[in-house]
Amino acid sequence: MFGISTLCLHHEPLPVALDRIAEVTGYIEVLDEGRHHLENAELLLSHSCKFSIHAPCRGTNISSLLEPIRRASIAVMEECFVIAAEVNAEVVVHPGYFAWPEERERAGQQLKRSIAALDNAAREYSVRYTLENMENWEYFLLKTPDELPLIDGCGFTLDVGHAHLNHCLTAFLDYPAQHYHLHDNNATGDLHWAVGKGTIDFGPVMAAVRKSGGTPVVEVEEFQGAVDSMRSLQKMF
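## Here we look at the overall build of the chain
- Scanning the chain from N- to C-terminus turns up eight helices and eight strands.
- Here the C-alpha atoms of the chain give a radius of gyration of 17 Å, agreeing with the 18 Å that 2.2 N^0.38 yields for 237 residues.
- Taking the principal axes of the C-alpha coordinates as reference, the chain spans close to 45 × 40 × 30 Å.
- Relative to its full complement of 237 residues, the chain shows a buried share of 56%.
- Long-range pairs, those at least 24 residues apart, make up 66% of the contacts in the chain with a sequence separation of at least 6.
- Put simply, the chain shows about 10,600 Å² of open surface, and 50% of that area lies on carbon and sulfur atoms.
- For the chain, the distance from the average position of its 18 positive side-chain charges to the average position of its 33 negative side-chain charges is 3 Å.

The structure is reproduced here in structure tokens:
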């Protein structure tokens, strides 16, 4: 089943977003940020949809060299896991970033420490989580396939738009993902356009989704574009 992220209605209260998306698909990914930040599972339990949760990322950094910030970020992820466990949702996590180029290697080591902590939490709460490849900001970790050893053994979310921005989508498609974020751009910015508005060839993308059996989630910036994208991609599936 194709999912739609609440990103497309992020300016609306979460109850409104859930109701509108539920009219077109039975799978919703909640972007756990801003107006859609989840304090508990109550609202999700009131819906019959299947859910995944995109864990908070703008205020967290699981690769931070500042240990109190890294530990606090893990605590936020664990809170998300608790909610996910109540609704049987998988969780998508960002791998974090470093502040200075000289810190890249140490940030990678911090990421591995965080993955160990997340693995423990995932076992405790019986939650499945994946780590997502990042866009083309200089300081992000996990932007290209050669960085996949950083998350060796973890589940992987392929963000197609991010990979396109880094000119490595074709290479990433060789690696089976458990989860896919689907949106378009013209390789100049993380625009989250509807499918067909940018320069991504989604034929090979959908072939990879079929082959891997991963979960496809449309992550487009506006609602009608998300619905149109889902319908276009369903024809390729």
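## What about the packing of helix α3 (residues 67-87) against helix α4 (residues 104-125)?
- Interhelical geometry of α3 versus α4 gives an angle of 25° and a closest axis separation of 10 Å. Classified by the angle between their axes, α3 and α4 sit roughly parallel to one another. Pair α3 / α4 crosses with right-handed handedness. Counting all contacts with α3, which are made through Glu67, Arg70, Ile74, Met77, Glu78, Phe81, Val82 and Ala85, the residues of α4 involved are Gln110, Arg113, Ser114, Ala117, Leu118, Ala121, Ala122 and Tyr125.
- When its residues are assigned to classes, the contact of α3 with α4 shows ten nonpolar, two polar and four charged.

## Examining helix α7 (residues 202-212)
- For α7, the set of buried residues is Phe202, Val205, Met206, Ala208 and Val209. All buried residues of α7 fall inside an arc of 155° around its axis, so they share one side.
- Each element contacted by the buried residues of α7 is listed here: α5 (160-165), α6 (169-172), β7 (179-182), β8 (215-218) and α8 (223-236).
- Capping of α7 at its N-terminal end is provided by Asp201; its side-chain oxygen lies 3.1 Å from the backbone amide nitrogen of Gly203.
- Directly after α7, the chain includes Gly213, whose backbone phi takes a positive value near 75°.

Rules used throughout
- Residues numbered from 1 in each chain as written.
- Predicted model: local features only at pLDDT ≥ 70, side-chain atom pairs only at ≥ 80, totals over all residues.
- Heavy atoms only, no water.
- Helix = DSSP H or I, 4+ residues; strand = E, 2+ residues; numbered from the N terminus.
- Rg over C-alpha atoms; globule rule 2.2 N^0.38 Å.
- Buried < 20%, exposed > 50% of the residue type's maximum accessible area, 1.4 Å probe, protein only.
- Contact = heavy atoms within 4.5 Å.
- Areas by Shrake-Rupley, 256 points an atom, 1.4 Å probe, with all protein chains shown as cover.
- Lys, Arg positive; Asp, Glu negative; His and termini not counted.
- Charge placed at Lys NZ, Arg CZ, Asp CG, Glu CD.
- Axes fitted to C-alpha atoms, helices over the stretch in contact; angles between N-to-C directions.
- Parallel < 35°, antiparallel > 145°, perpendicular 65-115°, else oblique.
- Left-handed = near helix turned anticlockwise from the far one by under 90°.
- Nonpolar A, V, L, I, M, F, W, Y, C, P; charged D, E, K, R; others polar.
- Arc of directions from axis to C-beta.
- Polar contact = N/O pair within 3.5 Å; in protein donor to acceptor, adjacent residues only side chain to side chain.

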